[in-house]
Amino acid sequence: MAENENGAEKSEEPTDKRRRESREKGQIARSRELNTFAVLVAGVGGLMSYGGAIGNAMIDIMKDNFTLSRELLMNDGSMALQFENAVYIALMALFPLFIVLLVASILGPIALGGWLFSAQSMAPNFGRMNPLPGLKRMFSAKAGLELLKALAKFVLVLIVALVVLKADTRDLLALANEPLESAILHSITVVGRSAMWMAWGLLFIVAVDVPFQLYDNRQKMLMTKQEVRDEYKDSEGKPEVKQRIRQMQREMAERRMMAAVPQADVVITNPTHFAVALKYDPLTGGAPVLLAKGGDFMALKIREIANEHKVMVLESPGLARAIFHSTELDREIPAGLYLAVAQVLAYVYQLRQFRSGKGKRPDPLKDLPIPPDLRRDE
């Protein structure tokens, strides 16, 4: 099991934040063996594909530069022109091979870990100039593994090379008896085929190195339980700070509610456990809005403020519980309570008319129509 520098066991899977930070730092799985293999195979494949054109270009260059006329030899500026022409022919012949190598050098690294450009990994790190950590890395287990991989590559390529050279011995010896032009083309074919076999010999090293790099990168990103807790605190906030913020938000909401109670048309109570304050504005054409609600001590405060500002307080336990549980602050009541609240508001209006001497006393409210889905027993 992996351990961090303090010796704590790293047993937790890396979080998304840890993975993201690792990519930003350039710490992803990379295999140099895979990159080498991709470039080598692509280069040899390109050589075999475009070897004929390259060979013919070499023949043309030799013909042009080894069969010079007397006029060219006596001309001081002809050598520069010959050199320029030779360079042009060589570049045109090698250009497709260069393109293949460029593509392979790009696709090889991104085949494992994907595309990544990290400015942090490119920044100078003066800590690496300290010789003590450098010596420690030189004699670390990872350095030993890299040495073993290098020796394995050397031995493997050597074995494959000996086998290939033995198999191509006749072709190599036959080159001495061939005309120059055909010998050049034949030699490119033999060299390309031999190099391809040696390149494919590295496939075994790649098959071992890629899983190891994935495993090693995962082990580096594993986290201890304390690191997970610390990251959660940093990203989500410390519990005591969050609790204090919630408390302040709750206090602000309570103060806002209390300031809105005097504007209410009616306060409906449980009578002791719940209290809700409603306001209806006929000019807007909407439903009644919940200005304040509370339970126990908060309900008592709502009733006290309502009495101080002469806001009508009515007892309707069922309706108070239904509004309290179904409606958020500053929101309209649900459609299922329209009829019940309309009866309450009508009763409040008639009672005000009666108290001002302009009407008769309204009958007390009895059973209000509350839908079963909005009823609450407590």
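Quick caveat: nothing in here was measured; it's all calculated off a predicted structure. Residue numbers restart at each chain and count upward from 1, following the sequence in its written direction. Only residues with pLDDT of 70 or above have their local features reported here, since the model is predicted, and side-chain atom pairs are shown and tallied only from 80 upward, although totals for entire chains, interfaces and linings are computed over all residues. Heavy atoms throughout the structure, all of them, feed into the side-chain values; hydrogens and water do not.

## Points about the packing of aromatic side chains
Stage number 1. Paired rings are identified among Phe, Tyr and Trp, the last through its six-membered ring, by centres lying within 6.5 Å, and are further divided according to the angle between planes into stacked (under 30 degrees), edge-to-face (over 60) and tilted (the rest). A complete count under the given rule lists 1 aromatic pair for this structure.
Stage number 2. Between Phe274 and Phe324, the aromatic rings sit 4.6 Å apart at their centres with planes inclined by 50°, giving tilted as the arrangement. Here Phe324 lies in helix α14 (residues 317-326) and Phe274 lies in strand β2 (residues 274-279), a separation of 50 residues in the sequence.
Stage number 3. When a residue's accessible area, from a 1.4 Å probe over protein chains only, is under 20% of the maximum for its type it is buried; when over 50% it is exposed; and in between it is partly exposed. Of the residues examined, Phe324 reaches a relative accessible area of 19% and is grouped as buried.
Stage number 4. Consider the ring centre and the ring normal. A charge sits over the ring if Lys NZ or Arg CZ is within 6 Å of that centre and within 35 degrees of that normal. For the cation-ring pair, Lys293 lies above Phe324, with the distance from its terminal atom to the ring centre recorded as 5.1 Å. The way it works is that DSSP assigns letters per residue, a run of H or I at least four long becomes a helix, a run of E at least two long becomes a strand, and they are numbered from the N terminus.

## Regarding helix α15 (residues 338-355)
An α-helical turn contains 3.6 residues, so a residue and the one three or four places further along point in the same direction.
Stage number 1. Here the expected span of a helix is defined as 1.5 Å times the quantity of residues minus one. Here α15 contains 18 residues, and its C-alpha end-to-end distance of 26 Å stays within 8% of the 26 Å for a straight helix at 1.5 Å per residue.
Stage number 2. Buried within α15 we find Ala340, Val341, Val344, Leu345, Tyr347, Val348 and Leu351. The buried residues of α15 all sit within an arc of 155° when viewed along its axis, so they share a single face. Exposed residues on α15 whose side chains face more than 90 degrees from its buried face are Leu339 and Tyr349. Read the arc as the range of directions from the helix axis to the C-beta atoms.

## Some remarks on the side chain of Asp265
Stage number 1. Summarising the element assignment, Asp265 is placed in the loop between α12 (239-260) and β1 (266-269).
Stage number 2. Despite its burial, Asp265 pairs with no opposite charge; the closest candidate is Lys279, at 4.3 Å N-O.
Stage number 3. When residues no more than four places from it in sequence are discounted, the contact partners of Asp265 are Leu278, Lys279, Tyr280, Val311, Met312, Leu345, Val348 and Arg352. We score Asp and Glu as negative and Lys and Arg as positive, and we do not count His or the chain ends. Any carboxyl oxygen of Asp or Glu within 4 Å of a side-chain nitrogen of Lys or Arg constitutes a salt bridge here. Contact definition: two residues touch when any of their heavy atoms are within 4.5 Å.

## Topic: the pattern of salt bridges
Stage number 1. Following the criterion strictly, the structure yields 1 salt bridge and no others.
Stage number 2. For the salt bridge of Lys220 with Asp216, the shortest nitrogen-to-oxygen distance reads 3.4 Å. Placement of both Lys220 and Asp216 in helix α10 (residues 203-221) is noted, with a separation of 4 residues, approximately one turn of the helix.

## Describing unusual backbone geometry
Stage number 1. Positive phi outside glycine occurs at Asp296, with the angle close to 55°.
Stage number 2. Note that Asp296 resides in the loop between β3 (289-295) and α13 (297-308).
Stage number 3. Look at Asp330: it is not a glycine, yet its phi comes out positive at around 60°.
Stage number 4. Position of Asp330 among the secondary structure elements: in the loop between α14 and α15.

## Quick notes on the UniProt feature "transmembrane region" (unreviewed entry) in the protein
Stage number 1. UniProt positions are given in the numbering used here, feature names are shortened, and annotations may be inferred rather than shown by experiment. Look at the UniProt record and you will see "transmembrane region" (unreviewed entry) annotated at residues 37-59, 86-119, 147-165 and 195-215.
Stage number 2. Secondary structure across residues 147-165 divides into 100% helix and 0% strand, with the first and last C-alpha atoms of the span separated by 27 Å.
Stage number 3. For residues 195-215, helix accounts for 95% and strand for 0%, while the C-alpha atoms at its two ends are 31 Å apart.

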